[in-house]
Amino acid sequence: MLLTILLAILITGASRDAQARIQGFNASRLNSGEEMILHCRVPDRFSREINATSRFQWEWNGLDVQDELVTKNLNMSSEVVLGSVTPDIAGWWTCKLNNESHTARIDVSGIRKIVTPQEAFIKWRGADGGGKVFQRRSKVGEVVNLYCPYTGNPPSTIRWTFKGRPLHGGSDKLRMVEVGRLEVTNVSQHEEGVYVCTVEDKDSLLSSASIHLGVSVPPVLRPFSFWSGLVEGGRGRVSCEAVEGDSPLQFSWSRSGSEVPRGAIISQGSDGFSSTLSFPLVLRSHAGLYTCVVNNTAGRAHYTAQLKVNHAPEWEKEPIGVSLKHRGTLLLDCAANGQPIPSVQWSRQGNQPLTSSNHIRIFENGTLYIEKSRVEDEGRYTCRASNSIPPDLVKVVSVDVDVGAHFLPDTTDMSRTLANMEESVRVRAGKKMVLSCNPLGDKPIRITWLRGSHKLHKQPFNDHVNNSRFKVKEDKNNGSPVSKLILKNAELADSGIYTCIAANTFAAANKTFHLLVQDVPGPIQSLQILDYSARSVNLTWSQPEDNNSPISTFLLATKQFSESWTSAKEDRIYGNTYATVLSGLIPDTMYSFRVRGGNSVGLGDPSPVQSVRTSQDKPDGQPRLLSARPTSSQSILISWKAPEKQLRNGLILGYNIFYRPTDTKDLEGVILQETVHLTDKEDREKEEKFELKDLKKFTEYSISVEAINPIGAGPRTSPSVLSRTLQDVPSGSPQKVECSGSGSRTVEVSWSDPPESKVHGILLGFNVFFSPLLEWEENPEEKNFTTTERRAKISKLKIWQNYTVYVSALTKAGIGVRSEPVYCSTLESVPGAPANVKAVPASVSSVLVSWLPPTQQNGRILYYKVYMKTMSDGQPYTNLLEVYPPDESWIYDNLNLDQPYSWSLTAVTSAGEGPRSITVTESPQRRSRTAPTILGFSTSRILALGEEVELSCRSIADPPPSTDWLLNGQPLDNTELVTQQGNLRFEKVTLSDSGNYSCRAFNSLGEDTIFYSLQVKLSRSNGVVPYPPSLEIQTVERQSLTVKWGSHPTGGCPVTSYTIYYRRDAGSWEHTVLPPTPLQATISGLRCGSRYFLKIVATNRIGSSPTSNQISVVTKGSPPVAPSQDNLIFITSGLNVELRLSSWEDGGCNISSFVVEYRVGREQWHLLTNLLSPKSRSFTIREKLESGRDYQIRMTAHNSAGSTQHTYTLLNGTVSEANQSLILGPGSGSGLTGWTVLVALLVTVLALLAFIIRRKQKRIPAQADASLYLDGVSGDGQMVIDSGNYLLQQPQISGTPVVCNYYVPVDSKLAVSPGYAKYEDPDSLGQSENYSRFHEGNKECFHPKLRLDEVAVPAYSPGYYFSAPQQDTLASSKYVLVPQASHMQITDPDHVISGRAACRKTMVSDSDSDVDRDWIPLDSLDSVYRLVSDQTC
């Protein structure tokens, strides 16, 4: 037999259950004969929790195992040696220690059977006992496991029943944990009974075992208590009753863990579930905690109640009377015991209950405590101790207080003693002073007064002998003496120490008075203004006398000069501060100031008054009542009023108006500005108005205004006002216009919107214009309709007709510009019937059939169908023949003589076959002689000039006929036009060939006539190109102008459009295309104050007219207007010069930039800036002015209309206007004009040319800023001409110049600068390939060659200038020399030929009377000729 020792010592450990307090064997399955040892132990970590006397207990299927089977049973481990196992040991084995257990099933293979109780009893408990049912017991609330006692192989099925009812799957309290084990939780009496387990094997054999579960109930006690009213000497009893628990019950009593005292009787109830504790005579010693304990087999219960014995109070500490000193401490004991615990109460004078107060307290133990006793604390005090048991304890004691002379302490300062009190007394000078001495204590009390160490005696105020101002007055208050020391009209010198001494039998006390006579501070002697600005003043003042009261504040009074001090603003300044900066003042306002010192007594007298006017500052207020309303599509009228007066901070000189479209993204880059200047005499309170012009059409603008005073600009109005310009007709036409035929009477047109920027309003729809393109009609009817769609179908049109279509956009203001015309045609349709048919016998076997095309061809005729009908052999016969254009006749041969034939025709287009014509019938005839029959038809013909035409007069007759032609009823003069066949043929018709023609064919048998109406026009499209119209100026604005033109010859064809060409003076041409009506146009986007040239071209279907005569006009606006010195120049406190740029008037055109120069005396001019933006608003010259020196400031302002230069003189620091103003530009009416302006310009240009020569053709980028100050050239002046913004210098050139004749090419591809050479070194100018070298007289001259695109500024120099027409015949390599005496001459007086006097003269020839008007600006060299000064002048 295989011996296998299975040690179930598997210490499952922490890996299975870290919290298990018992580790034991695992479930195992063994074979019979194997050996088995079951082992359980307590882990080391729990060993300290186990009692040393505790031992393991073992169970098999819930039954106790006899001890001898346990081979080893220690308090920490235990073993059961089963030896060689047999099936009957199989079952659930459990090891238990205290309340912990471990259970596992051991199976042994073998025949399965149910173990009976008898077998189990014999096996595990001996031979006695046992029954038919296994017995198990449990206590209420425990968890019990019932094990089915089967052995051998595991059964197929085990079923449980309880009290005959099957248990299925378990319930809340009954649960089948594993096969054969039933767990009963929270056991109660309801689970008591017989449980049956039934085992079913494979052969369906059943066997069962019964297990009776008995439930033990532990006892439960009803709470009890002793009567609270037990009194010593009385009787008492209490009963302890078990309301639950199995019998038998065992009762016991104890007091505080010990036996009950003598005199207590314990009796058991006859019912077996109660016990009684009784006291026949209750003593005080019986009190305590009594506990009733009851036990049964199921458990134990106990309950505890307290016994209290009541008795009357008894003294522990009896109070005793006492005497103490005044302000001493008193403790009176009063303590008693009893049951219930007595309460202690104190009262005074028999019936006045005492409670704890500030100096009297009653402790919890009944002690009365008096701290710092008072006189009123003296008297009789009663202590009473009582509870609910009579009698009360009462004791009366006396307390005596001995009081020496003293003073009542100041309750706010408890540190002062009774015997020596101090008091501070303050009195204002001139007021009455009373010092009161009120001592307390046992009488009698004596009072003495001291001033310092000198005693004061009683005496009246009128004691003039002793000159005393003091009086001592004595009185009584409630029997206590009162002494008062009185002083009238206190003075500062009366300040000092005064002492009142009070004494009696027990003690003496002093009361010391510290008298301080105070007065308001003395006056401030000095108030000074250290500095001031527009809004603040820095003040300082001297320190006044404080008069025995520290100065705590200063009161600074501020008022405007015209106000009274009663309305002055007062500011308090605290602390030892003798200076302040007073802010929040109004600029440009006269203020007065004074200051007073203040202490606890009051305010002193004010200081002397100081006054100052604050500096000016920019306005603080924004303009008021800003409003805006549109007046047109390009203008908005705004109105506003000046800021509030107190916010202007100076005289309002004008206003800056800022406006920008609200739909722009770059908010800063598009802000536009206008400036309104006010004269000194203008009313600042009136409503200001300004009209913004040349605005974008139908655009919302954000508008704000700021006020300007001599210092600068104030805040802008916020929020800005919004206003939108009115709608206007669109200036842009619809885009992508397309047209196509969609039917024989319809076309479809589509388009897209005009550019949004050219709609100028709310797009309401579109107007579609259409008219037929008729070959000969001069003025076809134009129709139109309105639609809101971007596609339209035009119906009810003519079939197969070309149409011209325009589309224009529509706003509330009207119809906008038409689009370029598009052309389309309706589709073909079936044609009409041929207009006429004729059949004429041609011979005995033939007939000639001829016809006219349909009046309504409705397309291109592809061919004609000719239907012939006759009878053949008694049957109808039809013949169809197709005849193709241009044939309009056909001869039918092989016909039968005299047989009737009929013919009809139809025309065919791509759309199909049209209706039949009339039917004609004819037969071949045998005629020997016939009258003439003309084969053709009378018609009207329209031809174009120069076309060829032949009018037929073909006829059939026998004998052959003669013909003659008439024109307008008269015989034709030019018979050469008649052909041999008798037709009238024109090789090239002329206009005079128009008329009514007739041809008569005749013979002896008769005649026939045919008529033609011939009309000759200039062309098939009705005419030639139009004759150009004549332009006239209608209105002129700053950035726009309106032109008109009258009717003019159209060339026989309607005008379809006009094109206006325009350009700025010396600029490039631009154009705009306009519809044929109305005969006027407005051109926008022009430059302010600039000259423009305009011309117009008319266009019809034939082509465009020649260009009209050119006209010129200057837009509104003038060069800037220089301000007065008061408005422009401001001398700062630092002796700097501030220029207020906003004081310049722009002349109607926005100022683009400023140039600023200055010089001292007559020294050289110093350039400060030549590109100063007007947005800067102000410019400061940092050079400080020096006393006694003269300064000059020269400013040049530029706008698109020209430039203005103005010089100001500062004499000894005082501004003086030099009245030197130079205004440059077209249309200028002030300043230096005409030739004088040009002279100044050209002289100044010399500097630039000298600079170019010295730089030896150093390239200046063409995109460089044209107003850049060129370094290396010192300047004597500068001016900007027109809109070119070019910097011109008058250079200082060393050496003796050689001035020669020069020639500028007419085509302006080369710009020639003057060359200067020294006699001794003519080759120093450079290589010959860079310079032109030639001789003039006995001088050798040079000039550099520069291309225009290499120079950022034009190359002009002193000499002759004039304008002339472009001469196209000159080649670019040619130069033109113009006679010197015919045009303007300018020479530089500072640079002349050595030894010759300076000269300046102007000569204008008769042929150039308009030279002053048409002089060329410096930004163009087109058509300019130059020649140098005459050296003989």
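Cut-offs and rules
- Residues numbered from 1 in each chain as written.
- Predicted model: local features only at pLDDT ≥ 70, side-chain atom pairs only at ≥ 80, totals over all residues.
- Heavy atoms only, no water.
- Helix = DSSP H or I, 4+ residues; strand = E, 2+ residues; numbered from the N terminus.
- Buried < 20%, exposed > 50% of the residue type's maximum accessible area, 1.4 Å probe, protein only.
- Contact = heavy atoms within 4.5 Å.
- Areas by Shrake-Rupley, 256 points an atom, 1.4 Å probe, with all protein chains shown as cover.
- Pairing = 2+ DSSP bridges.
- Axes fitted to C-alpha atoms, helices over the stretch in contact; angles between N-to-C directions.
- Polar contact = N/O pair within 3.5 Å; in protein donor to acceptor, adjacent residues only side chain to side chain.
- pLDDT = per-residue confidence, 0-100.
- Patch = residues over 30% accessible without salt bridge, like charges linked within 9 Å, V, L, I, M, F, W, Y side chains within 5 Å.
- Salt bridge = Lys/Arg side-chain N within 4 Å of Asp/Glu carboxyl O.
- Lys, Arg positive; Asp, Glu negative; His and termini not counted.
- Charge placed at Lys NZ, Arg CZ, Asp CG, Glu CD.
- Disulfide = S-S within 2.5 Å.

### Details of the overall build of the protein
When helices and strands are counted, the protein shows 4 helices and 104 strands. Classification of the 1433 residues of the protein by burial places 47% in the buried group. Considering only intrachain contacts with a sequence separation of at least 6, the fraction spanning at least 24 residues in the protein is 65%. Surface exposure of the protein reaches about 72300 Å², of which carbon and sulfur atoms provide 48%.

### Examining the sheet that holds strand 20 (residues 206-216)
In space, the 5 strands of this open sheet follow the order 12-20-19-15-16, with mixed pairing throughout. The sheet terminates laterally at strand 12 (134-139) and strand 16 (165-167), the two strands that pair on one side only. Averaged over all pairs of adjacent strands, the angle between strand axes in this sheet comes to 30 degrees, irrespective of strand direction. Pairing between strand 15 (residues 157-162) and strand 16: 3 bridges, direction antiparallel.

### Regarding the side chain of arginine 1159
Note on placement: arginine 1159 falls in strand 94 (residues 1151-1160). Within polar-contact distance, the side chain of arginine 1159 engages the side chain of glutamine 1192 at 2.8 Å. Excluding its chain neighbours within four sequence positions, the residues that come into contact with arginine 1159 are Gln1164, Trp1165, His1166, Asp1190, Tyr1191 and Gln1192.

### Points about the confidence of the model for the protein
Per-residue pLDDT for the protein has a mean of 78; in total, 79% of the residues score no lower than 70. Overall, residues 412-417 carries pLDDT values under 50, and its contacts beyond four positions in sequence, including any with other chains, amount to 3 contacts. Across residues 1215-1433, confidence stays below pLDDT 50; counting only partners more than four residues off in sequence or on other chains, it has 448 contacts.

### Description of a positive patch on the surface
A cluster of like positive charges, contributed by Lys432, Lys473, Lys484 and Lys488, occupies part of the molecular surface. Here lysine 473 shows up in strand 42 (residues 470-477). A relative accessible area of 45% places lysine 473 in the partly exposed class.

### Here we look at the state of the cysteines
A complete count under the given rule lists 8 disulfides for this structure. Here cysteine 739 engages in a disulfide with cysteine 824; their sulfurs sit 1.8 Å apart. Separated by 85 residues along the polypeptide, cysteine 739 in strand 60 (residues 735-741) and cysteine 824 in strand 67 (residues 822-825) bring together distant segments of the chain. Each member of the pair, cysteine 739 as well as cysteine 824, carries the same accessibility label: buried. Paired by a disulfide, cysteine 953 and cysteine 999 hold their sulfur atoms 1.7 Å apart. Of note, the bridge from cysteine 953 to cysteine 999 carries an S-S torsion of about -90 degrees and is left-handed in sense. Of this pair, cysteine 953 sits in the loop between strand 78 (949-951) and strand 79 (955-958) while cysteine 999 sits in strand 83 (residues 995-1003); the two residues are 46 residues apart in sequence, bridging distant segments of the chain. The residues cysteine 953 and cysteine 999 share a single accessibility class, namely buried.

### Observations regarding unusual backbone geometry
Backbone torsion omega between glutamine 339 and proline 340 reads 0 degrees, so that peptide bond is classified as cis. As for its position among the elements, proline 340 is in the loop between strand 31 (335-339) and strand 32 (343-348). With omega at 5 degrees, the peptide bond leading from lysine 443 into proline 444 counts as cis. Looking at where proline 444 falls in the secondary structure, it is placed in the loop between strand 39 (433-437) and strand 40 (446-451).

### Let's talk about the pattern of salt bridges
Applying the stated criterion across every chain yields a total of 35 salt bridges. A salt bridge links glutamate 232 to arginine 284, with the shortest nitrogen-to-oxygen separation between them at 3.3 Å. Here the residue glutamate 232 occupies a position in the loop between strand 21 (220-221) and strand 22 (236-244), and arginine 284 occupies one in the loop between strand 25 (274-279) and strand 26 (288-296), the gap between them amounting to 52 residues. The network of salt bridges with common partners includes Glu948, Glu950, Arg985 and Glu987.

### Digging into a nonpolar patch on the surface
Together, Leu945, Leu991, Leu1018, Val1024, Val1025 and Ile1102 make up an exposed nonpolar region whose accessible area comes to about 450 Å². By secondary structure assignment, the location of leucine 945 is in the loop between strand 77 (939-944) and strand 78.

### Notes on the pairing of strand 8 (residues 77-84)
Pairing of strand 4 (residues 35-41) with strand 8 involves 7 bridges; the strand directions are antiparallel. Across the sheet, the residue bridging to cysteine 40 is serine 78, located in strand 8. Pairing between strand 7 (residues 70-73) and strand 8: 3 bridges, direction antiparallel. Opposite asparagine 73, over in strand 8, you have serine 78 as the bridge partner. Counting the residues that bridge the hairpin from strand 7 to strand 8 gives 3 residues.

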